[in-house]
Every structure is written in C-alpha cells, then in structure tokens.
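# Understanding the architecture of this molecule
If you want the building blocks of each chain, they are given just below.
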Amino acid sequence: MENIKNIEQYSEIKNGEKAAVMLFSADWCPDCRFIDTFIEEIIGNNREEFDFYKVDSDERKDICAEAGVMGIPSFVAYKSGRTIAEFIGNDSKTREQIEEFLHNAKTML
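All of the points below concern the structure found in this document. Residue numbers here run from 1 along each chain, matching the order of that chain's written sequence. In view of the model being predicted, local features appear only for residues whose pLDDT reaches at least 70, and side-chain atom pairs are presented and counted only at 80 or more, with totals across whole chains, interfaces and linings using the full set of residues. No hydrogens and no water enter the side-chain calculation; it runs on all heavy atoms of the structure.

Right, let's talk about the overall build of the chain for a bit. In terms of regular secondary structure, the chain is built from five helices and five strands. Helical segments are the DSSP runs of H or I of at least four residues, strand segments are the runs of E of at least two, and each set is numbered from the N terminus. In the chain, the succession of α and β elements from N to C terminus is β-α-β-α-α-β-α-β-β-α. This radius of gyration counts C-alpha atoms alone. The globule rule is 2.2 Å times how many residues there are, raised to the power 0.38. Relative to its length of 109 residues, the chain is compact, with a C-alpha radius of gyration of 12 Å against a globular reference of 13 Å. Overall, the C-alpha framework of the chain stretches about 35 × 30 × 20 Å when taken along its three principal axes.

This next bit is on the pattern of salt bridges. Throughout this description, the term salt bridge denotes a Lys or Arg side-chain nitrogen within 4 Å of a carboxyl oxygen of Asp or Glu. Inspection of every chain in the model, using the stated rule, returns eight salt bridges. With a closest N to O distance of 3.5 Å, Asp36 and Lys54 form a salt bridge. Separated by 18 residues along the polypeptide, Asp36 in helix α2 (residues 30–36) and Lys54 in strand β3 (residues 50–56) bring together distant segments of the chain. We classify Asp36 as partly exposed; its relative accessible area is 29%. Among the salt bridges present, the one from Arg95 reaches Glu99, with a minimum N-O distance of 3.2 Å. The buried label applies to any residue whose accessible area, calculated with a 1.4 Å probe on protein chains only, is under 20% of its type's maximum; exposed applies above 50%, and partly exposed to all values in between.

Attention shifts here to unusual backbone geometry. A cis amide bond, omega 0°, links Ile72 with the succeeding residue Pro73. On the secondary structure map, Pro73 appears in the loop between α4 (61–67) and β4 (74–79). Notably, Ser80 is not glycine yet its phi reads approximately 50°, a positive angle. Its place among the elements puts Ser80 in the loop between β4 and β5 (82–87).

So, on to the side chain of Ser57. Take Ser57: it is sitting in the loop between β3 and α4. Apart from the residues lying within four places of it in its own chain, the contact partners of Ser57 are Ser25, Ala26, Cys64 and Ile72. In what follows, a contact means two residues having at least one pair of non-hydrogen atoms within 4.5 Å.

Paired strands, as defined in this entry, are two strands with at least two bridges between them according to DSSP. If you walk across this open sheet you meet the five strands as β1-β3-β2-β4-β5, and the pairing is mixed. Here the strands that pair on one side only, and so sit at the sheet edges, are β1 (2–3) and β5. Contacting β1, β2 (19–25), β3 and β4, helix α1 (residues 7–14) crosses the sheet at an angle of about 140° to β2. Angles shown run from 0 to 180 degrees and are taken between the N-to-C directions of axes, each axis being a line fitted to C-alpha atoms and, for helices, limited to the stretch in contact.

β2 sits mainly inside the fold: seven of its seven residues count as buried. Burial along β2 is two-sided: Ala19, Val21, Leu23 and Ser25 and Ala20, Met22 and Phe24, pointing in opposite directions, are all buried. Sheet analysis places β2 next to β3, joined by seven bridges and oriented parallel. Following the sheet pairing, Ala19 is matched in β3 by Phe50. Here five bridges tie β2 to β4, and the two strands are oriented antiparallel to one another. Within the sheet, the bridge partner assigned to Phe24 lies in β4 and is Ser74.

Structure follows, in structure tokens:
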C-alpha cells in the first residue's frame, strides 16, 4: 500500500476517476498494526474496484484535518472528488467490519 506523501497527492487521488480507499493509521497504533496482519489479502480481493493508500496520521495532520479524521485506524473511500464511504473512529476494526465497509463503498460506485 502506497503512502500518501503530501496534500497535493491526496487531492489528486481523491479527485481521480478510480475509487480510492485511504487507511489513516500510525506506527505506534496497536489497532493499526492488527489491521496490517490481514489488509494485504483484503486489498487483493478488492483491487479491481479500488486503489489503496495509507496516510500516516502523525506525519500528515493536514490530510487528516481535510478528511475529517480524528481517530485511527480509519478508512475513507473517494471517487471523482466525493466521499463515497467512511469508517472513522479510534475503535479497533475487525476484518469483517472492513470487508463490510468495502462492500458498502462498492454500492456507491
């Protein structure tokens, strides 16, 4: 999963034609590290519909503010400049919850 490096890259991806899912996380976050144990398989199963990116909440506070993300881990899906789905909060997220989030996001494509 590619890391978002700056607000310009974020804006370009957010406004792109292909739907994009951004995972907001941090290295110190144990719930984020838990997601790392299965996220690659989820990405592989959803690669046709979405591109996936990671936003480090410590390094990219500007992007978190722009996205309205106040807690991690969080997911936001975008397509053509609009938010199509959000799964925001500082609660841990299970594989099933993330898969349901992506399923709901697909219905908005």
